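Tertiary structure, described
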Amino acid sequence: MARVLTPRAEDFPRWYQDLIAKAKLADNGPVRGTMVIRPAGYAIWERMQAEMDARIKAAGAENAYFPLFIPESYLKREAEHVEGFSPELAVVTHGGGKQLAEPVVVRPTSETVIGEFMAKWIDSYRDLPLLLNQWANVVRWELRPRVFLRTSEFLWQEGHTAHATRDDARAYARKILHEAYEDLMVNVLAIPVVVGLKTARERFAGATATYTCEGMMGDGKALQLGTSHELGQNFAKAFDISYSSAEGGREHAWTTSWGTSTRMLGGLIMAHGDDNGLRVPPKLAPVQAYVMIVKDGEGVGEAAAKLRDALRDAGVRVALDDRTDTAFGRRAVDAELRGYPVRVEVGPRDLAAGNAVVVRRTDGSKSPTPVADVVGAVLAALEADQRALHDQALAHRESRTVEVATLAEAIEAAATGWARVPWSAVGVAGEAEANGQGVTVRCLLRADGSVPDSEDEPDLVAILARAY
């Protein structure tokens, strides 16, 4: 393959930008910090959406939609929330050629506006739990934009729920964390994630607890791929989300919120991409098998079409490339860049021998395969390579994670990967010191790897890293 990307080892950020451009995943928008998601990138996002949406619905939440514009007064009613988002807010002061009586904020997240309507819709304990999700765009004015990772406008899902008790709210926040987020990231995106509790310094504005899924990228840095928050009664009290209990009293609800975004696409690129381009896990890939005509004639076109149909009938998401007016080498490079899990190359010479060539993106192997066996070979490759991508990412994470005893050692280790260090050796003061050197506490874990309820639990382990 001709070199079309900056090698990852030479300049990882440049490689990332090259890949997004050359694979035609996205482009920069006309306003600084915005992005245009191109069809190839959006097809992957649609698959992420579909897989996530199914898991959210399985957890009992229903989709709804809330306004893009939020009265500024709504945010001010939850003081900690507005303080947390103030630097990122986009505020509209004029509309229809006139100054607005009250400025409106372009939503950075929707706790406040959804809280207003939860208060309206909830009256009795019989109305609980109220489990809502929306797919939407949000705006957070980004000073250091990077496509998919940090943009001023991005796409996401945000879930918002109200419950009768704190225990119910906590259980649901964790249900989403594990059954929707962790399951999708591990089993579909093939990204092994560390699931833990954010520190008070890192938690979401207005939350009482934030849980996170952290993935290691190809350069050893961390990426927060999704978060789930317990909001306690903070928003419920600010917006009077209350209900009549079974005993006849009036109680404030306990609420949660949780979200994942197009940042997952950036994570996918950086976790699995190589010097030839993207590698898309088969379960996620919009095109799992790419049938390519090397050179037309001698029955090649008919054989390729039959293979496409047979793969489709076997449940494989398949596309046929019959653009023989474009050089085959160029088309093969493009297929590598796009990360199609399997290519099936059909040319006159192989076909004369009764074969097609099955090319696996994950390991680059090329196998001449009898035409009658191609469907079985593709199905086996898709299953094996889904597992292989996860196992490679896990081995990478383990090789770049070190156990240390002190904060100084953790900060040093974060130059090349992750550090596991006793939280008692870091603490609030140590966290501030690490932040001053560009290192953050990504999350806290119990010694057995489970998610703690509080950072005050004894014997917790902290994961420290540099992060996107």
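Right, let's walk through the structure included here. (Residues numbered from 1 in each chain as written. Predicted model: local features only at pLDDT ≥ 70, side-chain atom pairs only at ≥ 80, totals over all residues. Heavy atoms only, no water.)

**Here we look at the overall build of the protein**
Note the threshold: Think of it this way: any DSSP run of H or I at least four residues long counts as a helix, any run of E at least two long counts as a strand, and we number them from the N terminus. Partly exposed residues are those whose accessible area sits between 20% and 50% of the maximum for their type, while under 20% is buried and over 50% is exposed, using a 1.4 Å probe and protein chains only. For this analysis, residues touch if any pair of their heavy atoms sits within 4.5 Å. Accessible areas in this description were obtained via Shrake-Rupley with a 1.4 Å probe; residue shielding takes into account the shown protein chains only. Only four residue types enter the tally: Lys and Arg on the positive side, Asp and Glu on the negative side; His and the chain ends are excluded. Charge placement uses NZ in Lys and CZ in Arg. For Asp and Glu, CG and CD serve respectively.
Across its full length, the protein holds 14 helices and 23 strands. Put simply, the protein has 468 residues, and 54% of those count as buried. Partitioning the intrachain contacts of the protein with sequence separation of at least 6 by distance along the chain shows that 68% fall at a separation of at least 24. Summed over all atoms, the accessible surface of the protein reaches about 19,900 Å², with 49% contributed by carbon and sulfur. Taking the 54 positively charged and 64 negatively charged side chains of the protein as two groups, their mean positions are separated by 5 Å.

**What about the sheet that holds strand S19 (residues 366–370)?**
Backbone hydrogen bonds are what pair the strands of a sheet, in a parallel or an antiparallel way. Heads up, the rule is: The rule for pairing is simple: two strands pair if DSSP sees at least two bridges between them. In this analysis an axis means a line fitted to C-alpha atoms, helices contributing only their contacting stretch, and an angle means the value between N-to-C directions, from 0 to 180 degrees.
Overall, mixed pairing links the five strands, which are arranged S16-S15-S17-S18-S19 in an open sheet. Only two strands of the sheet have a single partner each, and these edge strands are strand S16 (318–321) and S19. Direction aside, neighbouring strands of the sheet carry axes that sit 25 degrees apart on average. One ladder, built from five bridges, connects strand S15 (residues 289–293) with strand S17 (residues 342–346); its direction is parallel. The residue bridging alanine 289 from the neighbouring strand is valine 342, located in S17. Here helix H9 (residues 300–313) sits on the sheet and contacts S15, S16, S17 and strand S18 (355–360); the angle it forms with S15, its principal contact strand, is near 170 degrees.

**Quick notes on the nonpolar core**
To be explicit about the condition: Take the buried residues of types Ala, Val, Leu, Ile, Met, Phe, Trp, Tyr and Cys, join any two whose side-chain atoms come within 4.5 Å, and each joined set is a nonpolar core.
Counting 59 residues, the largest nonpolar core has Leu25, Met48, Phe148, Leu189, Met264 and Ile269 as the members making the most contacts within it. The biggest single contributor to this core is helix H6 (residues 166–187), with eight residues. Aside from chain neighbours lying at most four places away, what touches phenylalanine 148 is Tyr16, Ile20, Leu25, Ala26, Met35, Ile37, Thr262, Arg263, Leu265, Gly266 and Ile269.

**Brief notes about a negative patch on the surface**
Here is the rule we go by: To count toward a patch, a residue needs a relative accessible area above 30% and no salt bridge. Like charges then connect within 9 Å, nonpolar side chains (Val, Leu, Ile, Met, Phe, Trp, Tyr) within 5 Å. For this document, the term salt bridge refers to a Lys or Arg side-chain nitrogen within 4 Å of an Asp or Glu carboxyl oxygen.
On the surface, Asp296, Glu302, Asp322 and Asp325 cluster together into a negatively charged patch. Within the secondary structure layout, aspartate 322 lies in the loop between S16 and helix H10 (328–338). Taking the relative accessible area as the measure of exposure, aspartate 322 reaches 47% and is therefore partly exposed.

**Some remarks on the pairing of strand S10 (residues 209–216)**
Counting buried positions along S10 gives eight out of eight residues, so the element sits mostly inside the fold. Across the two faces of S10 the burial is the same, with Ala209, Tyr211, Cys213 and Gly215 and Thr210, Thr212, Glu214 and Met216 all buried. As paired strands, S10 and strand S11 (residues 222–230) are joined by eight bridges and run antiparallel to one another. Residue pairing for S11: glycine 215 is matched across the bridge by leucine 223.

**Let's talk about the sheet that holds strand S4 (residues 69–71)**
Overall, antiparallel pairing links the three strands, which are arranged S4-S6-S5 in an open sheet. With one partner strand each, in any of the chains shown, S4 and strand S5 (90–95) form the two edges of the open sheet. Taken pair by pair, the neighbouring strands of this sheet meet at an average axis angle of 50 degrees, ignoring direction. Relative to strand S6 (residues 98–106), S4 runs antiparallel, the two being bridged by three bridges. Within S6, the position partnered with phenylalanine 69 by the bridge is valine 106.

**Here's the deal with the pattern of salt bridges**
Tallied over the entire structure, the rule returns 27 salt bridges. Between arginine 250 and aspartate 123 there is a salt bridge whose closest N-O contact spans 3.6 Å. Of this pair, arginine 250 sits in strand S13 (residues 250–252) while aspartate 123 sits in the loop between helix H5 (111–121) and strand S7 (130–139), and the two are 127 residues apart along the sequence. With relative accessibility at 48%, the residue aspartate 123 sits in the partly exposed group.

**Looking at helix H12 (residues 374–399)**
Which entries qualify depends on this criterion: Every helix has an expected span of 1.5 Å times one less than the residues it contains.
The terminal C-alpha atoms of H12, which comprises 26 residues, lie 36 Å apart, in line with the 38 Å expected from a rise of 1.5 Å per residue. Of the positions making up H12, those classed as buried are Val374, Val375, Val378, Ala381, Leu382, Asp385, Gln386, Leu389, His390, Ala393 and Arg397.

**Observations concerning the environment of threonine 208**
Relative to the helices and strands, threonine 208 is located in the loop between strand S9 (193–197) and S10. Sequence separation between threonine 208 and alanine 303 is 95 residues; the distance between their C-alpha atoms is 61 Å. Excluding residues that lie within four positions of it along the chain, threonine 208 makes contacts with Arg203, Glu230, Leu231, Gly232 and Asn234.

**Here's the deal with H6**
As a reminder of what qualifies: Bend, at a single residue, is the angle you get between axes fitted to the 7 residues ending at that residue and the 7 residues starting at it.
Spanning 22 residues, H6 covers 30 Å between terminal C-alpha atoms, matching the ideal 32 Å at 1.5 Å per step. At tyrosine 181, H6 shows its largest bend, some 30 degrees. Buried residues of H6: Ala169, Arg170, Tyr172, Ala173, Arg174, Ile176, Leu177, Ala180, Tyr181, Leu184 and Met185, and no others.

**Here we look at the environment of glutamate 247**
One can find glutamate 247 in the loop between strand S12 (242–244) and S13. Sequence spacing of glutamate 247 and tyrosine 125 is 122 residues, and the spatial spacing of their C-alpha atoms is 9.9 Å.

**Structural notes on the packing of aromatic side chains**
Cut-off, in case you're wondering: Here a Phe, Tyr or Trp ring, Trp counted by its six-membered ring, pairs with any other such ring whose centre lies within 6.5 Å, and the pair is stacked when the planes are under 30 degrees apart, edge-to-face when over 60, and tilted otherwise. Comment: the charge-over-ring label is applied if NZ (Lys) or CZ (Arg) is within 6 Å of the ring centre and within 35 degrees of the ring normal.
Under the defined criterion, the tally for this structure stands at nine aromatic pairs. Ring centres 5.0 Å apart and planes at 40 degrees place the aromatic pair phenylalanine 12 and tryptophan 15 in the tilted group. Here phenylalanine 12 pairs with tryptophan 15, and both are found in helix H1 (residues 12–22), just three residues apart, close to one helical turn. Tryptophan 15 shares its class with phenylalanine 12; the two are buried. Taking the centre distance of 5.8 Å and the plane angle of 50 degrees together, the rings of phenylalanine 117 and tryptophan 121 count as tilted. One end of the pair, phenylalanine 117, and the other, tryptophan 121, are both in helix H5, four residues apart, so they sit about a helical turn from each other. The class for phenylalanine 117 is partly exposed, based on a relative accessible area of 27%. Members of the aromatic cluster, connected to one another through ring pairs, are Phe66, Phe117 and Trp121. In this structure, arginine 8 packs its charged tip against the face of tryptophan 15, placed 5.6 Å from the ring centre. Sitting over the face of the ring of tyrosine 74, arginine 77 holds its NZ or CZ atom 5.5 Å from the ring centroid.

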